[in-house]
Structure formats: structure tokens, C-alpha cells
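As a plain string of letters, each chain reads:
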Amino acid sequence: MEVDCQPEEAIVSSFDEDCVVLGDVKDMRLEAEAVVNDVLFAVSEMHVSQSLTSASDVAYINVETREGNRYCLELTEAGLRVVGYAFDQVDEDLNTQYHETVYSLLDKLSPGYREAFGNALLQRLERLKQNGQ
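Only a predicted model underlies this, so the values are computations on that prediction, with no experimental measurement involved. (Residues numbered from 1 in each chain as written. Predicted model: local features only at pLDDT ≥ 70, side-chain atom pairs only at ≥ 80, totals over all residues. Heavy atoms only, no water.)

J.: Quick question: what am I supposed to make of the side chain of S49 here?
T.: Relative to the assigned elements, S49 resides in the loop between strand 4 (45–48) and strand 5 (59–64). Residue classification places S49 among the buried positions, given a relative accessible area of 4%. A polar contact of 2.4 Å, which involves the side chain of S49, links it to the side chain of D88. Setting aside its immediate chain neighbours within four residues, S49 contacts Y60, I61, N62 and D88. (Helix = DSSP H or I, 4+ residues; strand = E, 2+ residues; numbered from the N terminus. Buried < 20%, exposed > 50% of the residue type's maximum accessible area, 1.4 Å probe, protein only. Polar contact = N/O pair within 3.5 Å; in protein donor to acceptor, adjacent residues only side chain to side chain. Contact = heavy atoms within 4.5 Å.)

Following this line, the structure appears as C-alpha cells:
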């Protein structure tokens, strides 16, 4: 893992344990990894782009939905948005809406994601019920 600061300069954010903060700016490369790990169960494929240059303020994520549609997502402080309709593709002329969360973006793009997320939630609730909690 590559970090642009000395370990003593890294501050772990209290609002997001998976996020490393460089000064007052999140490191989007690390944030992108956390996004991928969070929703990988509900998509066919998802990974941080190795071809597109990420930085502390921007990262790119490739995702293939359960329907087989491929997207390249841009992650910045503004949120996530689709920047291409293929892996590692950035269309500078594409002007798509930012979403505050990956859940919101995938909910819009993929009925299969919605179903997988809902099923996972139901299974979790069932386990809690069975454990008497």
C-alpha cells in the first residue's frame, strides 16, 4: 500500500475507520478500497482501477453490475459518479450526477444490486432474530 505521508502524519478519522486523512483531505485511493470491500458481495466484479491514475483527491473504481453492465466510477470529495461505460474509461464529455454514497449510485444503476442488498439485510435480521437479539 502506498501512502503519501509519514505514518506520524496520518490521522485516522473518527467518522470512518477505513479512511486515512492527509491534513484535512481524505486519501481517495484508500477510500476507494473501502468502497469496493463494502459492496463487492452485491455486484459481479468491482476493483480500484490500476490503469487510471489515482491521487489523494480522486480515485477510479471499475464495477460490473449483476446485469453485466460495466462502469468506471470517479470517487472524489463530491461523491461518486459514472465517468465511463467500460472499465478504465473516462469520458471527459460525460456529465453525470454525483451520489453521496456507493449505495445510492448502485441502487440507481442495478436492480440486481438492490435485490442482493435487500437479501443480505433480511438474512442479517433473521440471524439476529434467531439469536434472540
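J.: In this structure, what is going on with the sheet that holds strand 5? I would like to understand it.
T.: As a general point, the strands of a sheet are linked pairwise by backbone hydrogen bonds and lie either parallel or antiparallel. Ordered by their spatial adjacency, four strands build an open sheet running 4-5-6-7, and the pairing between neighbours is antiparallel. Across the chains shown, the open sheet's two edge strands, defined by having one partner strand only, are strand 4 and strand 7 (79–84). Taken pair by pair, the neighbouring strands of this sheet meet at an average axis angle of 25°, ignoring direction. Inspection of the sheet shows strand 5 paired to strand 6 (residues 70–76) by six bridges, in the antiparallel sense. Looking at the pairing, I61 lines up with L73 of strand 6. (Pairing = 2+ DSSP bridges. Axes fitted to C-alpha atoms, helices over the stretch in contact; angles between N-to-C directions.)

J.: Could you clarify how one ought to interpret the confidence of the model for the chain in this entry?
T.: Should the pLDDT be low somewhere, the predicted coordinates at that spot are not to be read in detail. In the predicted model, the chain carries a mean pLDDT of 83, and the fraction of residues at 70 or more is 80%. Here residues 1–22 is modelled with pLDDT under 50, and outside its nearest four sequence neighbours on either side it reaches 29 contacts, counting other chains as well. (pLDDT = per-residue confidence, 0-100.)

J.: It is not clear to me how a nonpolar patch on the surface should be interpreted in this structure. Could you clarify?
T.: A surface patch of nonpolar side chains, about 560 Å² in accessible area, is lined by F41, Y103, F117, L121, L122 and L125. Relative to the helices and strands, F41 is located in the loop between helix 1 (28–39) and strand 4. For F41, a relative accessible area of 41% corresponds to the partly exposed category. (Patch = residues over 30% accessible without salt bridge, like charges linked within 9 Å, V, L, I, M, F, W, Y side chains within 5 Å. Areas by Shrake-Rupley, 256 points an atom, 1.4 Å probe, with all protein chains shown as cover. Salt bridge = Lys/Arg side-chain N within 4 Å of Asp/Glu carboxyl O.)

J.: What is the right way to read the environment of R81 from this model?
T.: Structurally, R81 is set in strand 7. C-alpha separation for the pair R81 and Y60, spaced 21 residues apart in sequence, amounts to 9.8 Å. With residues up to four places along the chain from it excluded, the contact list for R81 reads C72, L73, E74, L94, N95, T96, Q97, Y98 and L105. A distance of 3.4 Å separates a polar atom in the side chain of R81 from the backbone oxygen of L94.

J.: So what exactly am I meant to see when it comes to the packing of helix 1 against helix 2 (residues 102–109) here?
T.: Interaxial distance between helix 1 and helix 2 falls to 11 Å at its minimum, and their mutual angle equals 55°. When the interaxial angle is binned, helix 1 and helix 2 end up oblique. Both helix 1 and helix 2 take part in a crossing whose hand is right-handed. Between helix 1 and helix 2, the residues in contact are V35, D38 and V39 and V102, Y103 and L106, respectively. (Parallel < 35°, antiparallel > 145°, perpendicular 65-115°, else oblique. Left-handed = near helix turned anticlockwise from the far one by under 90°.)

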